[in-house]
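# Reading the structure
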Amino acid sequence: MELNDSRIREALLRKLARQKTRPRAVLEELHVHNGRAIADVVTLHAEAHCYEIKGATDRIDRITVQGTHYNVAFRRITLVTTKCNLRRAQKLAPRFWGIIVAMENGDAVRFRHVRAARLNPRFEKQSAAMTLWKSEMLELVPEAGAEHKPRRLLAQLIAETRRELELSMNICDLLMGRRLRAQSFASSTM
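To start, this report covers the structure provided alongside it. Remember, predicted model here, so these are calculated numbers, not experimental data.

Counting buried residues along strand S4 (residues 76–82), six of its seven residues qualify, which places the element largely inside the surrounding structure. Note that strand S3 (residues 48–54) and S4 share six bridges and pair parallel. Each bridged residue has a counterpart across the sheet, and for Lys54 the counterpart in S4 is Thr81. With helix H2 (residues 63–73) bridging S3 and its parallel neighbour S4, the resulting β-α-β unit is right-handed. For the crossover that starts at S4, traverses helix H3 (residues 83–92) and ends in the parallel strand S5 (residues 98–105), the hand is right-handed.

Take a look at the structure:
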């Protein structure tokens, strides 16, 4: 059985849950950069960290397009792929992306870190703010009448009033709140 996206994702989620410094939360399938891409897994620490998964049968070349959207939305990004994709991944992934190789170990999947994620120099505050829902953006724009402004203008206002690290942490906190609201809603409907 080939090491596909699904098996890698399951193993990665287990690995992230067992880390010494566990994330506050883990999100799957997060729409980023105004919905232009979907991040496979995003961990929420002080800042969000994007993990893009490419299994043995996935087209590794897709990271060139997806990466343009992740690069503007996250300050840390890691590609999780397989040994058969490693050489191509190292050529295609920007140097600041981390790379982890997933390998089969009997029935289990284990991971080998090839390189650590570094601070992303392509992060764009306005594009990153577009990851947020309008209701979340309004929490960062206290201006009267802001609720009548389009998301694009709210993102611009947010970008103009925050530094990169501050905004990245704000986005992380708001995504954490989104997750908690979703959990609260799910438990209230049971």
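That was the structure; now back to the text.
Right, let's talk about empty space enclosed by the protein for a bit. Going through the model one piece at a time under the given rule, you end up with one cavity of 30 Å³ or more. Reported here for the largest cavity is a volume of approximately 70 Å³. What lines the largest cavity is simply Leu30, Ala48, Ala73, Phe74, Arg75, Phe123, Thr131, Ser168, Ile171, Cys172 and Leu175. Looking at the lining of the largest cavity element by element, the count peaks at four residues for helix H7 (residues 164–188). For the lining of the largest cavity, a count of residues per class yields eight nonpolar, two polar and one charged.

Looking now at the packing of aromatic side chains. For the structure shown, the criterion picks out one aromatic pair. Look at Tyr70 and Trp97: their rings are 6.4 Å apart centre to centre, the planes differ by 45°, and that puts the pair in the tilted class. Taken together, the residues Tyr70 in helix H2 and Trp97 in the loop between H3 and S5 connect sequence positions 27 residues apart. In this structure, Arg178 is placed above the aromatic ring of Trp133, and the distance from its NZ or CZ to the ring centre is 3.8 Å.

On to the pairing of strand S2 (residues 37–44). The element S2 is largely enclosed, with a buried count of seven among its eight residues. Across four bridges, S2 lies against S3 in antiparallel orientation. Considered in S3, the bridge of Thr43 is made with His49.

One open sheet holds the six strands; their spatial order is S1-S2-S3-S4-S5-S6, and the pairing between them is mixed. At either margin of the open sheet sits one strand with a lone partner, and together these are strand S1 (25–32) and strand S6 (108–115). For this sheet, the mean angle separating the axes of adjacent strands, direction not counted, is 30°. Strands S1, S2, S3 and S4 of the sheet are contacted by H2, whose axis makes an angle of about 175° with S3. Across the sheet, H3 lies against S3, S4, S5 and S6, angled at about 140° from S4, the strand it touches most.

It is worth spelling out the nonpolar core at this point. Counting residues in hydrophobic clusters, the biggest one holds 43 residues, and the most contacted among them are Val32, Val42, Leu44, Tyr70, Phe74 and Trp97. Element by element, the count of residues in this core is highest for H7, at six residues. Those residues in contact with Val42 that lie beyond four places of it in its chain are Ala25, Val26, Leu27, Leu30, Ala48, His49, Cys50 and Phe74.

About the criteria used
Residues numbered from 1 in each chain as written. Predicted model: local features only at pLDDT ≥ 70, side-chain atom pairs only at ≥ 80, totals over all residues. Heavy atoms only, no water. Buried < 20%, exposed > 50% of the residue type's maximum accessible area, 1.4 Å probe, protein only. Helix = DSSP H or I, 4+ residues; strand = E, 2+ residues; numbered from the N terminus. Pairing = 2+ DSSP bridges. Right-handed = clockwise from strand over helix to strand, strands pointing away. 1 Å grid on protein atoms, 1.4 Å probe; cavity = no way out; pocket = protein on both sides within 12 Å on 5 of 7 lines; lining within 4 Å. Points joined across faces, edges and corners; volume = space filled by probe spheres on them. Nonpolar A, V, L, I, M, F, W, Y, C, P; charged D, E, K, R; others polar. Phe/Tyr/Trp six-rings, centres within 6.5 Å; stacked < 30°, edge-to-face > 60°. Lys NZ or Arg CZ within 6 Å of the ring centre and 35° of its normal. Axes fitted to C-alpha atoms, helices over the stretch in contact; angles between N-to-C directions. Contact = heavy atoms within 4.5 Å. Core = buried A, V, L, I, M, F, W, Y, C linked by side-chain atoms within 4.5 Å.

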